[in-house]
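Below, each chain spelled out in residue letters.
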Protein chains: 2
Amino acid sequence: MIPHAGIIVLADSLLFYIIYFLSILFLIKKNNCLKKKISIHDLARELKISATTISFVLNGKATEKRISSEVETKILEYIQKVGYKPNLVAQSLRTGKSKIIAMLVESIDDSFFASIAKVIEVTAYKLGYKVFFASTENETEKAKQLIRLFRDRQVDGFIIAPPPGIEKEITALLEDNCPVILFDRHLPTITTTNVLIDNFDGAFSATNHLFENGFKKIAFVTLDSTQSQMQARLDGYQKAIKQAGTVSKILKLSYNLLHTEISEKIKEFLQKNKQLDAVLFATNYLALGGVDAINQLNLKVPENLAIIAFDDDLIFQLLSPSVTAVAQPVQEMSEEVIKQLMKSLAVEDQSAQQKETIILKTKLIVRKSAINFSSVKNLRTAG
Amino acid sequence: MIPHAGIIVLADSLLFYIIYFLSILFLIKKNNCLKKKISIHDLARELKISATTISFVLNGKATEKRISSEVETKILEYIQKVGYKPNLVAQSLRTGKSKIIAMLVESIDDSFFASIAKVIEVTAYKLGYKVFFASTENETEKAKQLIRLFRDRQVDGFIIAPPPGIEKEITALLEDNCPVILFDRHLPTITTTNVLIDNFDGAFSATNHLFENGFKKIAFVTLDSTQSQMQARLDGYQKAIKQAGTVSKILKLSYNLLHTEISEKIKEFLQKNKQLDAVLFATNYLALGGVDAINQLNLKVPENLAIIAFDDDLIFQLLSPSVTAVAQPVQEMSEEVIKQLMKSLAVEDQSAQQKETIILKTKLIVRKSAINFSSVKNLRTAG
DNA sequence: CTGAAAGCGCTTACAG
DNA sequence: CTGAAAGCGCTTACAG
């Protein structure tokens, strides 16, 4: 039996190599996109240095672990030469971190969310994070799904413009020690870190701007929503109306209407309420629907009807007449969001962390759609 | 010594458990966002069924592997009950697949790219894929970085609107067996699967539409770019001009100008070329810059100057007068892109796969900015 | 029909 | 100052 042992071993190892070789081939075939990459153990073999030491050097722990500087430079140079990149998936599995931040906005199409997303992406990237975006369409169910999806992908934290009804999910994230920053609107019943604007003051100032320019019958076109930002805009409008001693006139439209549906509803509203001489729109896309309605009714702005939009947009500058708008401080908001998120990311225990609410001021960009026409007020009812 | 052995073992294992317990605590502390999740082995322990069998059931291989249906339903019910979700990172590390598609567009801000991104996201999601977006700003270096970044994250495939100069990177992807679909523009020197529109015909028809409406001195405002889509639009314009026997007048602007810079350059161009009675803009944002310039010059559209834009946009419908545009078939393009990508994803060897180029037709949306004013041509030079 | 075991590529506590 | 080994949570070829 002994003489055979060698042969058996040989046959065995030959078989092993054949299988190994086949499986390599199979893997290359099967794994699209998976470059035959160098692993840390390949480096270890080549350099005759353990993977441990290489890993320490890679993670900047060379001095902490007192790796000799010769070894360090040797490793660094070799890595440079062969272009080694650690496998982030393996890293993520091991550490439980992904260096990915999830950002849920209402709609990435919307110019406000698109511009804030852009600033956040750039800033986060500089800090070593990648941001993944998704649109909730302000739907509770879609937001829940997305939170689940991103958690499954092991994101490190969330930036969320929350739709209504996801208090439970946000609380669950925080309890599981997952950093969350809310922006644009918050959820009053739960304690979170929020980056908001002064919606009340924005709407209040805009309405007063209309009064100051001689307009008196001011309507407010908004969404049928109890969300904090919409509620505050409504309150700001109503405060100004009350203070002026006039009557409010409010149109509430449901979410997720198409552009043509919005303009149709606004058209009907304007036709039924010919006394109106000005309208404040609670969002940029409502204002765009309004512009369409106004065009269709052949009304002149601001002679027949003055308008102001909440959220600025390039379009408002291009329309004739250009549209006065309440601008949100996009740059400032984005920076504050990132700042707060980085703070949370650095903290071990989310529940212990102090929750802050930052409120930034809006700025009224005065253009031509709401300037003083006191001498020729409301030609429409006259005509 | 022997009497002590038991004690040592006990002390040893006690220590072990203390350390184990502490490290668990430490892990929970350290790993933000990492829910203490159930693993497949936890399930195996509870159910007294091997992880292998559970994995087979989970991956729909129950019948293939001839798992008894009792075992299958038992597993399925338990999973349902405890809400088990496999760890996608581990799955990805093991299989080399991520079910993630990377999509590189010029700018996610741009309405054309935003709308195509949206359709693709929804469609891909239904097919079990998540799409991650990023903007190249048409910069070669940024695109290279993004490709690297996404490969590090182990994406399964790419959808790319390529900036110039990344032929090498695209080729490398294909060689590494990574599915790539180009759209909007292609790279003529390499063989890839492309989903394009008929840019030549779009520009040709638009120019002819201007001729048919009585305009004669037609300029073309485009980007200083050799990219395929821009080249084809230029060629289409020139063909129409030549066929009509008139002279061409072209303004080439560099990429990445700000809106105000674009409108400034166009303003200068229009002032220097008062003979012009129409302009075809090669992109939607060039047209918006043009609208701004035209407003500043107090020109009337189309009486003084007719305009047509390439790429439709909601804004064009809202401007007064509304702007005629060459619309790209967004829905159709998106579907075609996904279809081609899924085809590539199913193929083992990318180099062996037949590369197709799909060319879709554009549609001219006739609005008011280029309608017939043959009786009152070019008032500007007259006035 | 079902399970034990290897391994994807990392990181890190521990030992020396 | 450096390395062997375990383990993150999966999947799958192989054995029975």
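Placed above this text is the structure.
Throughout what follows, the structure given in this document is the object of discussion. (Residues numbered from 1 in each chain as written. Chains lettered and ligands numbered in written order. Predicted model: local features only at pLDDT ≥ 70, side-chain atom pairs only at ≥ 80, totals over all residues. Heavy atoms only, no water.)

1. Points about the nonpolar core
- Ranked by size, the top nonpolar core spans 153 residues in total, and within it F183 of chain A together with F183 of chain B carry the most contacts.
- I166 and L174 of chain A together with L174 and V180 of chain B belong to the second-largest nonpolar core, a separate cluster that totals 44 residues. (Core = buried A, V, L, I, M, F, W, Y, C linked by side-chain atoms within 4.5 Å. Buried < 20%, exposed > 50% of the residue type's maximum accessible area, 1.4 Å probe, protein only.)

2. Describing the interface of chain A and chain B
- Listed as interface residues are 62 residues of chain A and, on the opposing side, 62 residues of chain B.
- Overall, the association of chain A and chain B removes approximately 5700 Å² of surface from exposure, summing both partners, and the carbon and sulfur fraction of that is 52%.
- On inspection of chain A and its partner chain B, the count reaches two salt bridges.
- Notably, a salt bridge pairs K118 of chain B with E137 of chain A, separated by 3.0 Å at the nearest N-O pair.
- Linking chain A with chain B are eight residue pairs in polar contact (both at pLDDT 80 or more).
- Among the elements of the structure, α1 (2-30), α5 (88-95), α6 (111-126), β2 (130-135), α7 (140-152), β3 (157-160), α12 (284-296) and α13 (314-318) of chain A are those that each provide at least two residues to the side of chain A that touches chain B.
- Here the side of chain A that touches chain B is built from residues that sort into 25 nonpolar, 17 polar and 20 charged. (Contact = heavy atoms within 4.5 Å. Buried area = accessible area lost by both parts, 1.4 Å probe. Salt bridge = Lys/Arg side-chain N within 4 Å of Asp/Glu carboxyl O. Polar contact = N/O pair within 3.5 Å; in protein donor to acceptor, adjacent residues only side chain to side chain. Helix = DSSP H or I, 4+ residues; strand = E, 2+ residues; numbered from the N terminus. Nonpolar A, V, L, I, M, F, W, Y, C, P; charged D, E, K, R; others polar.)

3. Observations concerning the protein's contact with DNA strand C
- In the neighbourhood of DNA strand C, 30 residues make up the surrounding shell, with S55, Q91 and R94 of chain A together with T52 and R94 of chain B lying closest.
- Here, DNA strand C places atoms within 4 Å of the protein, and 62% of those atoms are sugar or phosphate.
- For the surface near DNA strand C, the secondary-structure elements that each account for two or more residues are α2 (40-47), α3 (51-58) and α5 of chain A together with α3 (51-58) and α5 (88-95) of chain B.
- Top element by residues in the surface near DNA strand C is α5 of chain A. It accounts for four residues.
- Partitioned by chemical class, the residues of the surface near DNA strand C number eleven nonpolar, twelve polar and seven charged. (Near = heavy atom within 4 Å.)

4. A word on the relation of the copies chain A and chain B
- Of the transformation placing chain A onto chain B, the axial shift is 0.1 Å and the rotation is 180°, giving an RMSD of 0.1 Å. The operation mapping one copy onto its partner corresponds to a two-fold rotation axis.
- In this assembly the copies share their binding face: 100% of the residues contributing to the interface of chain A also contribute to that of chain B. (Least-squares fit on C-alpha atoms with pLDDT ≥ 70 in both.)

5. Looking at the pattern of salt bridges
- Using the criterion set out here, one finds 26 salt bridges over all chains in the structure.
- As a salt-bridge pair, D201 of chain A and K361 of chain A come within 3.9 Å of each other at their nearest N and O atoms. Residue D201 of chain A is located in helix α9 (residues 199-212), and its partner K361 of chain A is located in the loop between β11 (357-360) and β12 (363-365); the two are separated by 160 residues in the primary sequence.
- Assessed through its relative accessible area of 52%, K361 of chain A is described here as exposed.
- Measuring nitrogen to oxygen at the nearest pair gives 2.7 Å for the salt bridge that ties K343 of chain B to E356 of chain B. Residue K343 of chain B is located in helix α14 (residues 330-346), and its partner E356 of chain B is located in the loop between α14 and β11 (357-360); the two are separated by 13 residues in the primary sequence.
- According to the relative accessible area criterion, K343 of chain B is partly exposed, its value standing at 36%.

6. What to know about the sheet that holds β11 of chain A
All names here are of chain A.
- One open sheet accounts for six strands, arranged β2-β1-β3-β4-β5-β11; its pairing is parallel. Across the chains shown, the open sheet's two edge strands, defined by having one partner strand only, are β2 and β11. In this sheet, adjacent strand axes meet at a mean angle of 15° when their direction is disregarded.
- Looking at chain direction, strand β5 (residues 193-197) and β11 are connected through four bridges and run parallel. Residue L196 lies in a different strand from β11, and its bridge partner there is I359.
- Sitting on the sheet, helix α8 (residues 167-175) is in contact with β3 and β4 (180-183), with an inclination near 145° to β4. (Pairing = 2+ DSSP bridges. Axes fitted to C-alpha atoms, helices over the stretch in contact; angles between N-to-C directions.)

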